[in-house]
Protein chains: 2
Amino acid sequence: MQAKKRISEAVIRRLPRYLRYIGELKDNGIEKVSSSQLGEKMGMTASQIRQDFSYFGGFGQQGYGYSVQLLFDSMKQILLKDQGFTVIIIGAGNLGTALAKYNNFHDRGFDIIGIFDINPKLIGKTINSNEIMCIDKLEDFISEHQPDIAILSLPRSETKDIAVRVANSGVKGLFNFSPMDLKLPHDIPIENVHLSDSLMVLGYKIKNFQEEK
Amino acid sequence: MQAKKRISEAVIRRLPRYLRYIGELKDNGIEKVSSSQLGEKMGMTASQIRQDFSYFGGFGQQGYGYSVQLLFDSMKQILLKDQGFTVIIIGAGNLGTALAKYNNFHDRGFDIIGIFDINPKLIGKTINSNEIMCIDKLEDFISEHQPDIAILSLPRSETKDIAVRVANSGVKGLFNFSPMDLKLPHDIPIENVHLSDSLMVLGYKIKNFQEEK
């Protein structure tokens, strides 16, 4: 069941959410779910859900409901590689360390296999059985272990240079936490996570929510 | 210049991004910018930008370009309260600690004024001059200091209960890091940050990017 091309960004962004909700149903021992039941849980209409699923072959017959196990397995297969993804973290400061210890990444199929920093005080320390390595060893490590993803938890001023080094070495995608829209000449997927932007959106909503009252 | 009602979620989510880009122009000493120049930087069309700006009064005349200082001040005024927002963090684990030390929140107008945990080993420790307090003091603290926002960096199992306590005590918005779509009966803004979902989106793109080749 291979994903068709030209699936919209909005649909792609809903896929991990489907996996979460379907995983909950599975954990609760539920075997069948209809598109309207799933829609109710997720705040979507049944037809939105059927349309999203149609991009991936539909996942079985309507009217009888979907098999939760089939949905779960299919969603995992769509989102993950069979062996999961390998990840390196560059920047072992507060955020990088928290991300290295964040069990959810592992539980979702993302394995941290290396952590790098430039600070001699951090190099050699261990986070979850990963020793922090000197950034000088970055290219050798990537060449040897071929990680899929590099998480960049770096100061803004260093992010672009390191991103270029990482992309040149063959890492397949970047997960950037610097408050900038990282763009590279390299043709690889980049996901920018903007924590401050999200907090500002919340602030805007609070401010306007109060003003509307 | 008050925001009109019914501004779409997509426009609201672009506002912090405008602030970032306009802030960069300002830092680089640029005084005027046209909608097409700004659009080129941001990967948008000039007319998208003019349309977004029109919700907030337009920010001055076309053809002559926008005053960068006026845009910056206006965007800040739209997004922030005059005195900024006050924030408490609940859950001083790895992620909560990293967020407490994350300077970007402060730089964007969000001040951490309290940190709470249930773990006796953490209570009394200090993060950036904030002492970690026992969760038992949550309601008293909120009542006395009236924080705008609570950041929830808690185990999934505890998030809902704490969120209800916080909302009952009068906090105006929630910034939730648990891997769940937090919903409350309370009518307050909630922003769910799903780090694992974002990483899975990146994984999907890497997987399909490679398959397309």
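Now for a look at the structure at hand. (Residues numbered from 1 in each chain as written. Chains lettered and ligands numbered in written order. Predicted model: local features only at pLDDT ≥ 70, side-chain atom pairs only at ≥ 80, totals over all residues. Heavy atoms only, no water.)

A closer look at the nonpolar core
Rules: Nonpolar cores are built from buried Ala, Val, Leu, Ile, Met, Phe, Trp, Tyr and Cys residues. Side-chain atoms within 4.5 Å join them into one set. Accessible area is worked out with a 1.4 Å probe on protein chains only. A residue is then buried under 20% of its type maximum, exposed over 50%, and partly exposed in between. It only takes one pair of heavy atoms within 4.5 Å for two residues to be counted as in contact.
Counting residues in hydrophobic clusters, the biggest one holds 106 residues, and the most contacted among them are Tyr18, Leu38 and Leu195 of chain A together with Tyr18, Leu38 and Leu195 of chain B. Leu195 of chain A has contacts with Phe177 of chain A together with Leu99, Tyr102, Phe105, Phe175, Phe177, Val193 and Leu195 of chain B, leaving out every residue within four places of it along the chain. Listed in part, the 23 residues of the second largest apolar core include Ile90, Phe116, Leu184 and Ile188 of chain B.

Quick look at the packing of helix H1 (residues 9–27) of chain B against helix H3 (residues 46–54) of chain B
Residue and element names in this part refer to chain B. What counts, and what does not: To get an axis, a line is fitted to the C-alpha atoms, and for a helix only the part in contact is used. The angle between two axes follows their N-to-C directions and goes from 0 to 180 degrees. Put simply, DSSP H or I for four residues or longer makes a helix, DSSP E for two residues or longer makes a strand, and each gets a number counted from the N terminus. Here the word oblique covers every angle except those under 35 degrees (roughly parallel), over 145 (roughly antiparallel) and from 65 to 115 (roughly perpendicular).
Interaxial distance between H1 and H3 falls to 11 Å at its minimum, and their mutual angle equals 105°. In terms of orientation, H1 and H3 fall into the roughly perpendicular class. For the pair H1 and H3, contact is made by Val11, Arg14 and Tyr18 and by Gln48, Ile49, Asp52 and Phe53, respectively.

Some words on the interface of chain B and chain A
The extent of an interface is frequently quoted as the accessible surface area lost upon association of the parts. The test is simple: Buried area: the accessible surface (1.4 Å probe) lost by two parts on joining, summed over both. A pairing counts as a salt bridge when a side-chain nitrogen of Lys or Arg comes within 4 Å of a carboxyl oxygen of Asp or Glu.
Between chain B and chain A, the residue contacts involve 69 residues of the former and 69 residues of the latter. Approximately 6,400 Å² of surface area, both sides summed, lies buried where chain B meets chain A, with 64% of it carried by carbon and sulfur atoms. Looking at the side of chain B facing chain A, the largest losses of area belong to Leu199, Met200 and Tyr204 of chain B, adding up to 12% of the total buried there. Between Glu9 of chain A and Lys205 of chain B there is a salt bridge, with the nearest N and O atoms lying 3.0 Å from each other. Looking at the side of chain B that touches chain A element by element, the count peaks at 18 residues for helix H9 (residues 195–212) of chain B.

Here's the deal with the sheet that holds strand E3 (residues 85–90) of chain A
The pairing of strands in a sheet happens through backbone hydrogen bonds and is either parallel or antiparallel. Residues and elements named next belong to chain A. To keep it simple, the criterion reads: When DSSP locates at least two bridges between a pair of strands, those strands are taken to pair.
With mixed pairing, 7 strands are arranged side by side in an open sheet as E5-E6-E4-E3-E7-E8-E9. Each of the sheet's edge strands pairs with one partner strand only, and the pair in question is strand E5 (126–127) and strand E9 (190–192). For strand E8 (residues 173–176) and E9, the ladder comprises 3 bridges, and the chain directions are parallel. Counterpart to Leu174 in the pairing with E9 is Ile190. Contacts between helix H7 (residues 138–145) and the sheet are confined to E3, strand E4 (110–117) and strand E6 (130–134), with E4 contributing the most and set at about 160° to the helix.

Some points on the relation of the copies chain B and chain A
Just so we agree on the cut-off: The atoms used to superpose the copies are C-alpha atoms, taken from residues with pLDDT of at least 70 in both, and the fit is least squares.
For the pair chain B and chain A, the relating rotation is 180°, the translation along its axis is 0.0 Å, and the fit reaches an RMSD of 0.0 Å. Read as a symmetry element, the transformation amounts to a two-fold axis. Residue Ala98 of chain B, judged by its C-alpha, is the member of chain B lying nearest the rotation axis, at 3.2 Å. In this assembly the copies share their binding face: 100% of the residues contributing to the interface of chain B also contribute to that of chain A.

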